[in-house]
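Spelled out, the chains give:
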Amino acid sequence: MPDAPLLAALRAKLDEIRTDLDEATAAGNTLNEAQTEFVILDPLLKTLGYRTSSQLQKRGYDTHGSGFPDYTLMPASPHQWFLEAKRLGLKLQHGEAAQAVNYANNQGASWAVLTNGRTWHFYLAHRQVALPDKLVLRIDDLFNEPDAVERLALLSRESMQTDALTRYWQENQAHQFVYNQLSEHNSNLRNNLLQMIRQQLDLSFSSEWLDQVMDRLLQKESSFLQIEQPVVQQHSISTVSEQAHNLTAMDAPSRFRTMSELEKLGLLIGQKPDRIRFEDGEEISLNQWAELARQVVLKLAKMQRLPQLPYSHARGKRIFLNNKPSHPDGEAMRAFKKADTDKGPLFVHTYLNAQAMCSELRHLIELVGLNQSFLKISIRT
């Protein structure tokens, strides 16, 4: 696990880079790709422990477009990984990661990273899913995002040599699975738990009773399910209730956070939304995640920014948004919200927990060309 000296060194280096960027901005200069590498990426990779040619190989500019990623880290080793660089300020698209991801997969490497210096996308190359679903971890703003340094430290030479990044992703997947099983009524885990209570305690309770118990536990004791909490943090993890309490101490505008920020703080677990604010200043009061999804679809429809239907990011054959309340195989949506738009009714699949719902919405917003600040949410406290 990366130690405190590495985290301190990364923070110091980021302060230096931030100063250089501020000076460049004041002079009216913007960085091209080569300058982004020189000013941001090269110093960070050196701080992360990649200092010699045996630890880092950089593609020459005479080989641009050759199919090789910009950086190969720990080349020809079992832990090699690849980094594709873009200029600072360029919006990252999945297609731009395809070259590095495919190259990593062909080389038997696990990880490929796409970055413009500020935003970092971590792709698990060998995952047998579509390219967008290979994106399993991200840093949206390295210079301002909470826990960005801890996440970046997962790419250190020591961390990659010990497979800490892979373990982090595996633990996160397990946490997500457990949370989904505990939060969904009639899941296999809940049904098995109810059967154990009946058999081992010789007590007879209904599934409705267990649903009430589990809902209360998820609200009160959700600190053990800190989805997306980096394992490299040195400080103790506060509970969701403590985080929510801290939010109330802020002034009203600061209580609105993006979905990514809420997820990283663990504030999607056992919580309900209170208000949403769109980028144009419109605010809406609500208290259900399903209604939040409906309002986002209505807003996108008014802006004429809807995706091609049917649409889904992460649920395989299950559709998130369609013009009828069913999936492609004809199965009806188990739960949905109807959004009446100028082009007819749309149906949002809402049989999802808060994290899965926000994952769908986050990728939908990105797909139609908007950034995460398009939607901010205030949590009910």
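Model, not experiment: these values are computed from the prediction. (Residues numbered from 1 in each chain as written. Predicted model: local features only at pLDDT ≥ 70, side-chain atom pairs only at ≥ 80, totals over all residues. Heavy atoms only, no water.)

**Focus on the side chain of His121**
Here His121 is to be found in strand S5 (residues 120-124). Every residue in contact with His121, bar those within four places of it in the chain, is listed here: Leu92, Ala112, Val113, Leu114, Leu135, Leu137 and Arg138. (Helix = DSSP H or I, 4+ residues; strand = E, 2+ residues; numbered from the N terminus. Contact = heavy atoms within 4.5 Å.)

**Side note on the packing of aromatic side chains**
Per the stated rule, a full pass over the model turns up 5 aromatic pairs. Taken together, a centroid distance of 5.9 Å and an interplanar angle of 70° make the contact between Tyr50 and Trp81 edge-to-face. Here Trp81 lies in strand S3 (residues 81-85) and Tyr50 lies in the loop between helix H2 (33-47) and strand S1 (56-58), a separation of 31 residues in the sequence. Exposure remark for Tyr50: the relative accessible area of 3% places this residue in the buried category. Since its relative accessible area comes to 0%, Trp81 is described here as buried. Seen from their ring centres, Phe278 and Phe374 are 5.3 Å apart, and the 45° between their planes marks the pair as tilted. In this pair, Phe278 sits in strand S7 (residues 273-278) while Phe374 sits in the loop between helix H13 (354-367) and strand S12 (375-379), placing the two residues 96 residues apart along the sequence. On the basis of relative accessibility, which here comes to 2%, the residue Phe278 falls in the buried class. An aromatic cluster is present here, built from Phe68, Phe82 and Tyr103 joined pairwise through their rings. We note Arg277 situated over the ring of Phe256; from NZ or CZ to the ring centre the distance is 4.0 Å. (Phe/Tyr/Trp six-rings, centres within 6.5 Å; stacked < 30°, edge-to-face > 60°. Buried < 20%, exposed > 50% of the residue type's maximum accessible area, 1.4 Å probe, protein only. Lys NZ or Arg CZ within 6 Å of the ring centre and 35° of its normal.)

**Topic: the sheet that holds strand S10 (residues 336-341)**
Taken in spatial order, the 3 strands line up as S9-S11-S10 in an open sheet, and their pairing is antiparallel. The open sheet has two edge strands, strand S9 (321-322) and S10, and neither has a second partner. As paired strands, S9 and strand S11 (residues 344-349) are joined by 2 bridges and run antiparallel to one another. Paired with Leu321 across the bridge in S11 is Val348. Relative to the sheet, helix H12 (residues 289-302) contacts S9, S10 and S11, its axis offset from that of S10 by approximately 25°. (Pairing = 2+ DSSP bridges. Axes fitted to C-alpha atoms, helices over the stretch in contact; angles between N-to-C directions.)

**Structural notes on the pattern of salt bridges**
Scanning the entire structure with this criterion turns up 17 salt bridges. The residue Asp70 makes a salt bridge to Arg59 at a minimum N-O spacing of 2.5 Å. Here Asp70 is found in the loop between S1 and strand S2 (71-73), whereas its partner Arg59 is found in the loop between S1 and S2, with 11 residues between them in sequence. Overall, Asp70 belongs to the buried group, its relative accessible area being 4%. For Arg59, a relative accessible area of 11% puts it in the buried group. Glu291 is the salt-bridge partner of Arg294, the closest N and O atoms lying 3.0 Å from each other. Of this pair, Arg294 and Glu291 both sit in helix H12, 3 residues apart, roughly one helical turn. Residue Glu291 is classed as buried on the basis of its relative accessible area, which comes to 16%. Through salt bridges with shared partners, a single network forms among Glu37, Asp42 and Lys58. (Salt bridge = Lys/Arg side-chain N within 4 Å of Asp/Glu carboxyl O.)

**As for the environment of Pro43**
In this fold, Pro43 is placed in helix H2. Sequence separation between Pro43 and Leu14 is 29 residues, and the spatial gap between their C-alpha atoms is 9.1 Å.

**Brief notes about unusual backbone geometry**
Cis geometry is adopted by the peptide bond preceding Pro310, which originates at Leu309 and carries an omega value of -5°. By the secondary structure assignment, Pro310 is in the loop between H12 and S9. Positive phi values are uncommon outside glycine, yet Met74 reaches one of about 50°. Following the sequence through the fold, Met74 ends up in the loop between S2 and S3. In this structure, Ala76 takes a positive phi of about 60° despite not being glycine. Examined against the element boundaries, Ala76 turns out to sit in the loop between S2 and S3.

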